[in-house]
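# Reading the structure
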Amino acid sequence: MDAGAERTQFETAAADHDVTVTRTRAANFASTLEGVVEYPAVGVSLPIDGVSLADTAVETTLTPAKLDTARTGVTPVSFGIATLGTVFIESTTDGAEPVSLFPERHVAVLAASDVCPDLAAAVDRFGEELAAGPSSGIFATGPSATADMGGHVQGVHGPSDVHVIVVDDR
């Protein structure tokens, strides 16, 4: 499967889990982000060439109060898994994990070149890096959901709304 087909499969699988996916280029990132963020918003640094939160109104100096009042959290993701529509969010010292979990909306920013066809390919590509790097991380597939209270409820243990921005980086 070529990279374009993997990205399309990722978008389809994510949509099956109530996740909206938007593709953009690095040059258009700030305007794309503006269209999906609800303010106040918090975020952490994004390690994709040409992509930054500096030209946005997203607050990057994190405090417990800002995290508590934020309606949107913006984080990078290490990779996406096309067959599952899943993203991996590495726990970072600047707070990617809480920023992805506490606000009602999570905006996950993914480099298009980091979409893997399936979990086995993701482990092959990132396994050594994951084993040597983060002490923890989150595999997220759609909004937080539970059926513990009877019916299906979203947003109980994490964001009730997830939006992935895929940045064409090559």
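Quick summary incoming for the structure in this document.

Each value, and the rule that gives it
- Residues numbered from 1 in each chain as written.
- Predicted model: local features only at pLDDT ≥ 70, side-chain atom pairs only at ≥ 80, totals over all residues.
- Heavy atoms only, no water.
- Salt bridge = Lys/Arg side-chain N within 4 Å of Asp/Glu carboxyl O.
- Helix = DSSP H or I, 4+ residues; strand = E, 2+ residues; numbered from the N terminus.
- Buried < 20%, exposed > 50% of the residue type's maximum accessible area, 1.4 Å probe, protein only.
- Phe/Tyr/Trp six-rings, centres within 6.5 Å; stacked < 30°, edge-to-face > 60°.
- Pairing = 2+ DSSP bridges.
- Contact = heavy atoms within 4.5 Å.
- Axes fitted to C-alpha atoms, helices over the stretch in contact; angles between N-to-C directions.
- 1 Å grid on protein atoms, 1.4 Å probe; cavity = no way out; pocket = protein on both sides within 12 Å on 5 of 7 lines; lining within 4 Å.
- Points joined across faces, edges and corners; volume = space filled by probe spheres on them.
- Nonpolar A, V, L, I, M, F, W, Y, C, P; charged D, E, K, R; others polar.
- Core = buried A, V, L, I, M, F, W, Y, C linked by side-chain atoms within 4.5 Å.

## Some details on the pattern of salt bridges
- Taken as a whole, this structure holds 7 salt bridges when the rule is applied.
- R23 is the partner of E11 in a salt bridge, and the nearest nitrogen-oxygen pair spans 2.6 Å. Placement of E11 in helix α1 (residues 3–15) and of R23 in strand β1 (residues 19–25) is noted, with a sequence separation of 12 residues between them.
- Among the residues examined, R23 registers a relative accessible area of 38% and is labelled partly exposed.
- Note that R71 is salt-bridged to E38, the shortest N-O span being 2.9 Å. Of this pair, R71 sits in the loop between α3 (64–69) and β3 (72–76) while E38 sits in the loop between α2 (29–34) and β2 (41–43); the two residues are 33 residues apart in sequence, bridging distant segments of the chain.
- Residue R71 is classed as partly exposed on the basis of its relative accessible area, which comes to 34%.
- One connected set of salt bridges, linked through shared partners, spans E38, R71, E104, R105 and D161.

## Focus on the packing of aromatic side chains
- Counted according to the given criterion, the structure contains 4 aromatic pairs.
- Chaining the aromatic ring pairs together yields one cluster made of F79, F88, F126 and F139.

## Considering the sheet that holds strand β8 (residues 137–140)
- Taken in spatial order, the 4 strands line up as β7-β4-β5-β8 in an open sheet, and their pairing is mixed. In this open sheet, the two strands that pair with only one neighbour each are β7 (115–116) and β8.
- In this structure, strand β4 (residues 79–81) lies alongside strand β5 (residues 86–90), joined through 3 bridges in antiparallel fashion. Within the sheet, the bridge partner assigned to I81 lies in β5 and is T86.
- Sheet strands touched by helix α5 (residues 119–132): β4, β5, β7 and β8. Its angle to β4, the strand with the most contacts, is close to 155 degrees.

## Looking at the sheet that holds β2
- In spatial order, the strands read β1-β11-β6-β3-β2; together these 5 strands make up an open sheet with parallel pairing. The open sheet has two edge strands with one neighbour each: β1 and β2. When the angles between neighbouring strand axes are averaged without regard to direction, this sheet yields 20 degrees.
- Inspection of the sheet shows β1 paired to strand β11 (residues 161–168) by 7 bridges, in the parallel sense. Bridging from a neighbouring strand, R23 pairs with V166 of β11.
- Sitting on the sheet, α1 touches β1, β6 (105–111) and β11, and the angle it makes with β1 is about 150 degrees.

## Examining the layout of surface pockets
- Within this model, the largest pocket holds a volume of roughly 360 Å³.
- Along its surface, the largest pocket is lined by 17 residues, and P47, I48, V77, S78 and D114 are the ones closest to its centre.
- Per-class residue counts for the lining of the largest pocket are 8 nonpolar, 3 polar and 6 charged.
- The space that makes up the second largest pocket amounts to roughly 160 Å³.
- In this structure, the second largest pocket is lined by 15 residues; those nearest its centre are L101, A140, G142, S144 and P159.
- Of all the secondary-structure elements, those providing two or more residues to the lining of the second largest pocket are α4 (96–101) and β8.
- With 3 residues, the top contributor of residues to the lining of the second largest pocket is β8.

## What about the nonpolar core?
- Ranked by internal contacts, the top residues of the largest apolar core, which has 23 residues, are F10, V21, V87, I89, L110, V164 and V166.
- Secondary-structure elements contributing two or more residues to this core are α1, β1, β5, α4, β6, β8 and β11.
- The greatest single-element share of this core, amounting to 3 residues, is contributed by β11.
- When residues no more than four places from it in sequence are discounted, the contact partners of V21 are F10, E11, A14, H163, V164 and V166.

Remember, this is a structural readout, not a statement about activity or role.
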